[in-house]
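# What the coordinates show
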Amino acid sequence: MGPIDPSRLSRWFDAYGAALSLYARQWLEAGLADDIVQDVFIRLMSQRAEPRNVKAWLFRSVRNAAISGLRSGKRRQRHEEQAAARRPAWFEARAEDLIDAATAQDAMMSLPSDQREVLVLRIWATMTLRDIAELLDEPVSTVFSRYQAGLEGIRNRLVLSCRTKND
Amino acid sequence: MQNEERLTPAEREVEAALGALRAAGCGIDRDRLMFQAGRASVRRPLHIWQGTSAVLCLALAVSLAVHSRPQPAGRDEYASADGSRTSTAEVVPFETPAVGSGLPIAGGQYLRLRDEVLARGLDALPRPTAASVTAHEPGPQIERLFQQVPRASRRWGLFGLERLVSTGEQS
Amino acid sequence: MNRNIGALFILHSVLVGAAAGQRAVLTTGPSPQEAVSTVRLAVRPADAPKPALKYLLLPDVCDQTPGNAAQLYYTAQQLYADAKKDELDEKIDSWCRMPLNDLPRAEVRRVLSEYTAALRYVRLASRSELCHWDIPVRTEAFNVVLPQLGAFRGLAKIVAVQARLNISEGNYADAMDDLQTGFAMARHIGEAPTLINALVGLAVGGLMLDGAQDLMQAPDAPNLYWALADLPRPFIDMRNALRWEKALVHLAVPQLRNLTRADLTPQQWNAVMKNVQEIVAMGAVSSAETGWQSRLEMAAVSIKLYPKAKRYLMELGQSKEQVERMPVQQVVLMYSLDRYTYWRDEMFKWLSLPYWQAHEPLKQQEMAFAKSQGGALADGFPFTMLLPSLRRAYFRATKCDRHVAALQCIEAVRMHAAAHDGRPPASLGDIHVVPVPNDPVTGKAFGYEVKGNVVTLDAPPPAGDSPRDGAKYVITIIR
């Protein structure tokens with residue numbers, strides 16, 4: 001396979017840009033997360049040839065760069081900061097949504113990071129559990145357990161949220 | 001998949017509800033990204049041995065990525081002669097017009113509307129409803145006029161309106 | 001025998017009189033089967049009025065008032081909005097088109113009474129000496145906010161309907177007054193420095209020409225030859241609007257005027273590029289093509305353009321070292337802008353010539369331009385995406401002038417018929433009472449054919465263009 005055609009980049013950006021940004025925000029604040037994603041796309045275009053699985057390559061690269069960035073001391077998006085009205089939104093607020101976007105973000109932020117990561121990869125990056133397992137270098141059963149626990153955690157958080165509003 | 005079958009109905013509900021949410025767009029400057037990523041691919045030195053070209057490309061891409069980091073609006077960093085970097089929020093070396101920040105033309109943007117009117121004639125113009133025409137007060141002088149003239153009086157004939165505007169008296 | 005002839009003559013007169021008593025046009029508008037737009041009129045012979053300029057289609061200087069019409073037009077818009085009922089739009093549209101005989105006068109009068117204030121103010125506006133819209137094209141460029149042009153369409157229609165009502169009731173002086181209002185408004189709108197304004201002005205002018213057509217057919221209607229001749233040619237000068245179109249890119253991004261001397265950092269070049277990209281994104285037309293996609297396409301093409309752009313600048317005399325010192329964005333912009341300027345001027349230059357001279361070379365140039373835009377490396381991309389369809393714009397303006405000229409021709413035929421016992425001329429060349437205008441689209445005389453008392457005036461479409469761009473006038477001379 002030869003050099004990557006630049007016009008393909010737009011398709012990959014369309015397909016994965018938002019999900020990659022959401023993924024990177026698991027570790028970093030929005031601005032830094034976007035920087036990481038941008039760097040990863042640029043690195044992709046610098047490859048001699050197109051990776052066999054571009055999607056997996058992108059998410060793995062973002063993960064590695066984000067964790068690396070986190071370890072090098074960059075600020076992590078803290079849960080307390082999310083309570084501020086000016087936090088960057090993870091999800092678009094739309095009238096037809098079943099869950100309010102801000103509440104969903106709160107609920108996601110309250111999860112342990114390993115559960116949250118699997119939820120993001122499964123739901124918004126639309127990866128199979130097998131692909132997620134390969135990315136995380138974990139058994140499929142472990143990935144599924146985290147997924148199930150994450151969903152349960154969200155559900156509990158939402159129930160709690162409803163009760164709080166109705167009190 | 002076998003694993004999905006073991007989700008409880010309640011978990012499936014949450015999964016579906018979360019799945020309906022759309023991830024917000026990222027803040028990446030898409031055009032800058034396309035240009036620099038494309039430049040990174042174009043400027044790969046083709047004649048260098050394959051063993052070293054990947055390293056050089058990576059170095060170039062990283063260098064580009066570092067130097068293309070978006071600057072906050074209005075701030076430019078300049079390297080001074082002694083190598084120190086100063087950052088100023090005051091200096092705007094040049095100004096570009098705030099393209100894209102103007103009010104939209106009623107019904108659309110200029111270029112698009114222009115080409116549609118050329119192709120389709122007046123039917124391409126947005127057809128104002130009574131509300132939409134009143135929503136766009138045209139200019140400061142007219143605004144002042146209408147602040148003086150009560151809405152009800154606008155139904156009057158010419159002389160009633162003239163009298164009201166000139167004397168403040170209703171006819 | 002004489003009595004029989006006399007009876008026949010009386011019968012003929014009665015029948016003609018009955019037809020004359022109908023204040024109606026025979027059908028107007030195209031027959032569905034005809035590709036060419038066909039207008040059918042029934043007119044009576046009529047000499048020029050005395051004095052010759054008794055009737056004018058634009059307000060006389062003596063009737064004008066000092067001041068800026070724009071403010072009054074805005075007031076008229078506001079009054080129109082207050083009175084407007086959306087559910088009546090379709091009805092008003094139909095009143096603009098239906099045979100005069102079928103106009104439901106009582107209902108039309110009742111509806112128009114709701115617009116009394118708006119009609120009054122649009123009349124006032126049309127009598128103003130000047131019209132300065134103060135549209136800030138210079139500073140706002142592609143982001144300019146235009147006045148509510150859609151509302152002008154509504155105002156023009158109620159003026160047109162009022163004119164039709166007056167014609168149908170024999171109030172010709174009032175009808176002329178309405179037409180003056182409409183023609184003046186058309187000119188005022190069309191004088192603003194945008195192509196959209198020019199097109200709206202032309203459309204309003206077209207509505208009023210339809211009104212003039214109605215008046216020409218009314219019983220004892222005046223001959224409008226000199227009134228039509230008095231209208232400015234071109235009625236709306238498209239070149240004014242197109243001069244602004246030509247300048248828009250430089251107004252929007254002033255840095256483009258001095259690309260060779262610009263001493264900008266790569267970040268600043270990025271900002272210039274971003275501005276250009278945003279402008280281009282605004283021009284995305286089809287629903288399938290979003291602003292984002294056009295920007296991405298632009299970025300991808302820019303990447304491919306760089307090597308070609310470098311070579312181009314070196315061929316123009318820049319040294320290799322100079323070019324390689326320039327940021328990539330500057331090189332690409334200089335090349336693209338140079339190519340855009342070439343294509344732009346190759347097309348715009350033809351606007352300096354009459355349409356009939358410009359049509360064919362402009363068409364060839366547009367074809368060459370379209371060819372240059374194909375493929376990944378569109379010549380002059382992205383700037384060339386901002387160019388309007390010049391030939392189409394120029395044709396629209398000339399089509400309006402053609403309508404004026406055709407009606408003037410018909411009035412010349414009426415004048416000739418008045419001097420020749422109601423008989424139409426065998427050819428346009430037989431008309432000596434007044435000069436007969438040529439068709440400004442072709443630069444030649446209108447096609448002319450006469451069969452008995454039916455005259456056909458033919459205005460063919462520009463060579464190679466759709467038949468729908470042509471027009472045919474079928475005129476029955478009622479004796």
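Bear in mind that the values here come from a model prediction, so they are computed numbers and not experimental data.

### So, the overall build of chain B
Regarding its fold elements, chain B presents 8 helices and 2 strands. Secondary structure elements in chain B, listed N-terminal to C-terminal, are α-α-α-α-β-β-α-α-α-α. For chain B, the proportion of its 171 residues judged to be buried stands at 21%. Residue pairs in contact within chain B that sit at least 24 positions apart in sequence constitute 13% of those at least 6 positions apart.

### So, the confidence of the model for chain C
Regions with low pLDDT carry predicted coordinates that are not meant to be interpreted in detail. Residue and element names in this part refer to chain C. Confidence along chain C averages 86 in pLDDT terms, with 87% of residues attaining 70 or more. The spread of mean pLDDT over the elements of chain C runs between helix α1 (residues 2–21), the lowest at 39, and helix α10 (residues 225–230), the highest at 98. For the stretch residues 1–34, pLDDT sits under 50, and the model shows 32 contacts to residues farther than four places along the chain or on other chains. The model gives residues 285–292 a pLDDT under 50, and that stretch makes 9 contacts with residues more than four places away or in other chains. The ipTM, which scores confidence in the relative placement of chains, is 0.84 for this predicted complex, and the corresponding pTM is 0.60.

### Thoughts on the nonpolar core
Residues and elements named next belong to chain C. Formed by 153 residues in total, the largest nonpolar core has its most connected members in Ala118 and Ile410. Sort the elements by how many residues they give to this core and helix α17 (residues 390–419) lands first, with 16 residues. Summarising the domain contributions, this core has at least three residues from each of domain 1 (22–236 + 415–477) and domain 2 (243–392). Sequence-distant contacts of Ile410, defined by excluding residues within four places in its chain, comprise Leu41, Val43, Met216, Leu457, Tyr473 and Ile475.

### Observations concerning the confidence of the model for chain B
All names here are of chain B. Looking at chain B, pLDDT values average 52 and 29% of them are 70 or higher. Taken as a whole, residues 44–108 scores under 50 in pLDDT and shows 81 contacts with residues more than four places along the chain or in a different chain. Low pLDDT, under 50, characterises residues 133–171; the predicted model gives this stretch 46 contacts beyond four residues in sequence or across chains.

### What about helix α6 (residues 113–124) of chain A?
Residue and element names in this part refer to chain A. The terminal C-alpha atoms of α6, which comprises 12 residues, lie 16 Å apart, in line with the 16 Å expected from a rise of 1.5 Å per residue. Counted residue by residue, α6 has 9 buried out of 12 residues, so it is predominantly covered. Phi for Thr126, located one or two positions after α6, is positive at around 45°.

### So, the packing of helix α2 (residues 69–83) of chain C against helix α7 (residues 149–168) of chain C
All names here are of chain C. Where α2 meets α7, the axes come as close as 10 Å, and the angle between the chain directions of the two elements is 75°. Between α2 and α7, the angle falls in the class roughly perpendicular. Residues Ala76, Gln77, Tyr80 and Ala81 of α2 form the contact with α7, whose own contacting residues are Ala151, Gly154 and Leu155. When the residues that make up the contact of α2 with α7 are grouped by side-chain class, the tally is 5 nonpolar, 2 polar and no charged.

The rules we used
Residues numbered from 1 in each chain as written. Chains lettered and ligands numbered in written order. Predicted model: local features only at pLDDT ≥ 70, side-chain atom pairs only at ≥ 80, totals over all residues. Helix = DSSP H or I, 4+ residues; strand = E, 2+ residues; numbered from the N terminus. Buried ≥ 20, exposed ≤ 12 C-beta atoms within 10 Å, placed from the backbone. Contact = placed C-beta atoms within 7 Å. pLDDT = per-residue confidence, 0-100. Core = buried A, V, L, I, M, F, W, Y, C linked by C-beta atoms within 7 Å. Domains from an automatic or database assignment. Expected span 1.5 Å × (residues − 1). Axes fitted to C-alpha atoms, helices over the stretch in contact; angles between N-to-C directions. Parallel < 35°, antiparallel > 145°, perpendicular 65-115°, else oblique. Nonpolar A, V, L, I, M, F, W, Y, C, P; charged D, E, K, R; others polar.

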